[in-house]
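What the coordinates show
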Amino acid sequence: LSLSLSLSPPRAACAAAEPPLRWEPRCRQQLRHLQDGARIAARLPPRLEGRWVSTGCEVRPGPEFLTRSYLFYSNRLFKAYQFYYWDPSCHDPSYTLVIKGKLRLRQASWITRGATEADYHLHKVGIVFHSQKAMQEVASSINQTSSVGCSGFLPPGRTWAPGALYELLSAKTERDCTAALGFAMHELSLVRVEKHYQPLLQPQQSGSQLVEELYLGDIHTEWIERLHYRPTGYQRPMQSAVHHVHPCPACGIIYRADEHHPPILPARAQLPMQLSGSWVSTHCEVRPAVLFLTRYFIFHGHNHTWEGYYYHYSDPLCKQPTFTIYASGHYTQGIPSSKVRGGTELAFKVTQARVTPMDQVTVMMLNSSEPGSCGLTSSWSAGVEQDITPTNGCLVLGIKLPHTEYELFKTEQDMRDRSLLYIGERPTDGSSPDSPDKRPTSYQAPLIQCAGASEEFSNYVSLKYLGKKDANGNEALKPLPVAFLLFIALLFLRWD
């Protein structure tokens, strides 16, 4: 279900008039907002000076629950806090890492469009434990490592000293005992800063306020790979401590925290899993292996069927469509996850899929595919959808049908009482969670609910054609430039 692909609704011909719009207005407004690039500005190279904080409790593969507070100075030095917790509400702190180093921005990334590559050097990494249990578990793990000078990190039975800072890494002494924690700061090697304006929420106020978001490199979903992985996607963005979305109670709590006073976020009750309805992306999403997409899902709770529309693009603002895919099937009853507290485990069966190429590069690739492996041989054209179910998927896109994925879901309410849906993070290597042992332990960017369970829609509109008309007044397909990186992205697509 967390397919790394984009979907577009059925379409008979690219010059034909659209069917009447049947979407609930909020869904349509959100999709238009995304197509407009959400009026986002991204400067290259980015300005990093200042403090950036998490906007809530974050989940990394493992799972690991944490919040972050990073301070970048004008002289390229930085000081970063990573606060780790026992629980998915980030209410019960375990330990804090204090990271100091230097960051040098380099050139624009030739792999991930819109990102800037960077080099970093760590000077010191320290750890402060927040309980005896945390000290015992971490010390035991470090003492068992074979790193030089780390076998005696802390003597067995050492009593927890509140506030004591223990050195894990020192550039001067060349000591590094961080490997046992799966710690690396490779996230700093890929950087992007986005700016947009948020309308003021108070009815009596007009205008908008600036919001700045810092996107850092993604964390590999496999523990053994994260120490060496160089990111090509992003993790959940941090926001400027000065220019952040309001309301954001967690922002202030994390901003005021330090290694001796870790942020303690309010405990949150686990919400029942209510999938029924329609859910849509909140922004243009970036996946590892150069994939830019937005997603739209409809869940039918009465018969446990689902539909997914994934829209793929060649640019980080999701303005240049490359291809779209529609998929559908059914899903199982969810059960609470025993591995990721707060999550729900489900299995999704993908039984049908349709593909719409949106540019000539994709058309040529599909038309050159092996006969019988992806729709009708040599029959693809831009803007025209084809059913790939009869060919059991599409080999060139790595799609295999029928297909089962083992998923992790979570629902939350944001500070404005909007329903959010988190779907399991895709494996970084591009494979599929097609067995229970590959079930995700972290989440993708959240989707926001835009229509309730009682609303059903029969006609869908492709984002590609919204607001674009030809000389005759019909919706028109406009040619768009396509990056060569599309080929790279397609090589990494896998469903089997």
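As shown above, the structure is provided for reference.
From a predicted model like this one, the values you see are computed outputs, not experimental measurements.

**Considerations on the pairing of strand β11 (residues 208–216)**
- Bridge analysis of strand β10 (residues 190–199) against β11 gives nine bridges, and the strand direction is antiparallel. Among the inter-strand pairings, V193 is bridged to a residue of β11, identified as L214.

**A closer look at the environment of A451**
- When you line up the elements, A451 lands in strand β25 (residues 447–451).
- Among the residues examined, A451 registers a relative accessible area of 0% and is labelled buried.
- Residues A451 and S278, spaced 173 residues apart in sequence, show a C-alpha to C-alpha distance of 4.9 Å.

**So, the state of the cysteines**
- The tally for this structure, following the rule as stated, stands at six disulfides.
- Each disulfide pairs two cysteine sulfurs, and for C248 the partner residue is C251, the sulfurs being separated by 2.0 Å. Here C248 and C251 share a disulfide; its torsion about the S-S bond, 75°, makes the bridge right-handed. An identical accessibility class is assigned to C248 and C251; each is buried.
- Among the cysteines of the protein that take part in disulfides, numbered as they appear in the sequence, the pairing is 1-12, 2-3, 4-5, 6-7, 8-9, 10-11.

**Focus: unusual backbone geometry**
- With an omega of 5°, the peptide bond running from G62 to P63 counts as cis.
- Looking at the secondary structure, you find P63 in the loop between β3 (58–60) and β4 (64–72).
- In this model, H246 is joined to P247 through a cis peptide bond whose omega is -5°.
- Secondary-structure assignment places P247 in the loop between β12 (238–240) and α3 (249–255).
- A positive phi angle is found at H304, which is not glycine, with a value near 55°.
- Topologically, H304 is positioned in the loop between β15 (291–300) and β16 (305–313).
- With a relative accessible area of 22%, H304 lands in the partly exposed category.

**What about the environment of G50?**
- Along the polypeptide, G50 turns up in strand β2 (residues 50–53).
- Between the C-alpha atom of G50 and that of F72, which follows or precedes it by 22 residues, the distance is 5.4 Å.
- Setting aside anything within four residues of it in sequence, one finds G50 in contact with Y70, L71 and F72.

Rules used throughout
- Residues numbered from 1 in each chain as written.
- Predicted model: local features only at pLDDT ≥ 70, side-chain atom pairs only at ≥ 80, totals over all residues.
- Heavy atoms only, no water.
- Pairing = 2+ DSSP bridges.
- Helix = DSSP H or I, 4+ residues; strand = E, 2+ residues; numbered from the N terminus.
- Buried < 20%, exposed > 50% of the residue type's maximum accessible area, 1.4 Å probe, protein only.
- Disulfide = S-S within 2.5 Å.
- Contact = heavy atoms within 4.5 Å.

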